[in-house]
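Below, each chain spelled out in residue letters.
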Amino acid sequence: MSDTLYHYCSNAVFHSIMTTRKLRLSLLTMSNDANEGQHVVDMAHRLLPGAFVHKDAAIEQLKRVMSVVSALGFCLSVDGDLLSQWRGYADNARGIAIGFSSDVLEQAIDEFNSERLIVRLAPVAYGQEFLETMIKGDLMPIIEHYATGKMRVPVSGLLLDLRSESEVLIEQEAFKKASGELFWMLMRLANYAYMVKSPFFAEEKEYRLLSLVTVQDQKLALDDADFVAVADGLKPYREFPGERFDPKLITKIIVGPRHQTPAHVMRLFLDSNGFEHVEMTRSTGSYR
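What comes next is a walk through the structure. (Residues numbered from 1 in each chain as written. Predicted model: local features only at pLDDT ≥ 70, side-chain atom pairs only at ≥ 80, totals over all residues. Heavy atoms only, no water.)

In this model helix α3 (residues 55–67) runs 18 Å from its N-terminal to its C-terminal C-alpha over 13 residues, within 8% of the 18 Å that 1.5 Å per residue would give. Buried within α3 are the following residues: K55, A58, I59, L62, V65 and M66. An end-on view of α3 places all buried positions within 115° of arc, on one side of the element. (Helix = DSSP H or I, 4+ residues; strand = E, 2+ residues; numbered from the N terminus. Expected span 1.5 Å × (residues − 1). Buried < 20%, exposed > 50% of the residue type's maximum accessible area, 1.4 Å probe, protein only. Arc of directions from axis to C-beta.)

Written out as structure tokens, the structure reads:
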């Protein structure tokens, strides 16, 4: 991992981060990747052998699990001066790339995590090779789970007349238990869902502060959520960390090629908010 990870943002977001010393983990399914979170389903479909007779059933179960899993994220990049990032995430190069210390970030995560909300710092993989390596080992237990016959649907209708009540109850309980076991096997795959994107986005070299959340009955299970207005709607988010972060979390800022704040004014802003140690540079790009 790079010692410094960069978050490209508008001046308004930059001001908010530096003055509140809090980050916003927002809903990733509202990001710029329309297939966010779905690549793992496509990969599982490709890797499960065609001879596996329960393949379609397993994929449908995975889709059901993915329908109740979403994620909050804060996006970072290894590269702090990339034209596509300036254009896409920093108000068309008028904004800032904030450099975060990965070591201090990991420490903040350890101090923040609780049973209620777990955050991790994860690299994003692009394309199939990494994801294939990640999930291949988790597919075999799923195949074996079906092969044992545990997922056989309990008898119903006229067939009930041929079995005792105790036999039916045992079969139903066994199916219920097996379904629960399968759910957690599929949840392991869901853990990778927001760690992979299409190769189309590979230039971003992204890391994420990532926290999985659930969706229940079409409702996002997100206690204490706040909302921010974006150009095309409202986006839910949760603040990280709970308290103001240590100023040492930020080590550098890179001013966008179209940013207009004079250097001495920016220096005053940083110093006034406790960031005297932060190095300030300007993008090397000539984009205008």
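Looking now at the packing of aromatic side chains. Throughout the structure, instances matching the rule amount to 7 aromatic pairs. Taken together, a centroid distance of 5.0 Å and an interplanar angle of 80° make the contact between Y8 and W86 edge-to-face. Pair noted here: Y8 is in strand β1 (residues 4–9) and W86 is in helix α4 (residues 83–89), with a separation of 78 residues, a long-range link. The two residues Y8 and W86 agree in class, both being buried. Centroid distance F200 to F201: 5.4 Å. Interplanar angle 85°. Geometry classified as edge-to-face. Take F200: its relative accessible area is 71%, and that puts it in the exposed class. What makes F201 buried here is its relative accessible area of 11%. Its end group placed over the ring of F275, R21 keeps NZ or CZ at 5.7 Å from the ring centre. (Phe/Tyr/Trp six-rings, centres within 6.5 Å; stacked < 30°, edge-to-face > 60°. Lys NZ or Arg CZ within 6 Å of the ring centre and 35° of its normal.)

Proteins that are soluble and globular tend to have nonpolar side chains buried together. Grouped together as the largest cluster of nonpolar side chains are 34 residues, with contacts concentrated most on F14, L209, F240, I250 and L270. Once residues lying within four places of it in the same chain are set aside, the contact partners of L209 are L23, L25, L72, G73, F74, L105, I109, V119, R120, L121 and F240. (Core = buried A, V, L, I, M, F, W, Y, C linked by side-chain atoms within 4.5 Å. Contact = heavy atoms within 4.5 Å.)

Another point: the pairing of β1. Across a regular strand the side chains alternate sides, sitting on one face of the sheet and then on the other. Most of β1 is tucked away: 6 of the 6 residues are buried. Side chains of β1 alternate between two faces, with T4, Y6 and Y8 and L5, H7 and C9 buried alike. One ladder, built from 6 bridges, connects β1 with strand β4 (residues 96–101); its direction is antiparallel. The partner of T4 across the bridge, within β4, is S101. (Pairing = 2+ DSSP bridges.)

Time to look at the packing of helix α2 (residues 39–47) against α3. Here α2 crosses α3 at 170°, and the two axes come no closer than 10 Å. In terms of orientation, α2 lies roughly antiparallel with respect to α3. On α3, the residues that touch V40, V41, A44 and H45 of α2 are K55, I59, L62, K63 and M66. Counted by class, the contact of α2 with α3 contains 6 nonpolar, 1 polar and 2 charged residues. (Axes fitted to C-alpha atoms, helices over the stretch in contact; angles between N-to-C directions. Parallel < 35°, antiparallel > 145°, perpendicular 65-115°, else oblique. Nonpolar A, V, L, I, M, F, W, Y, C, P; charged D, E, K, R; others polar.)

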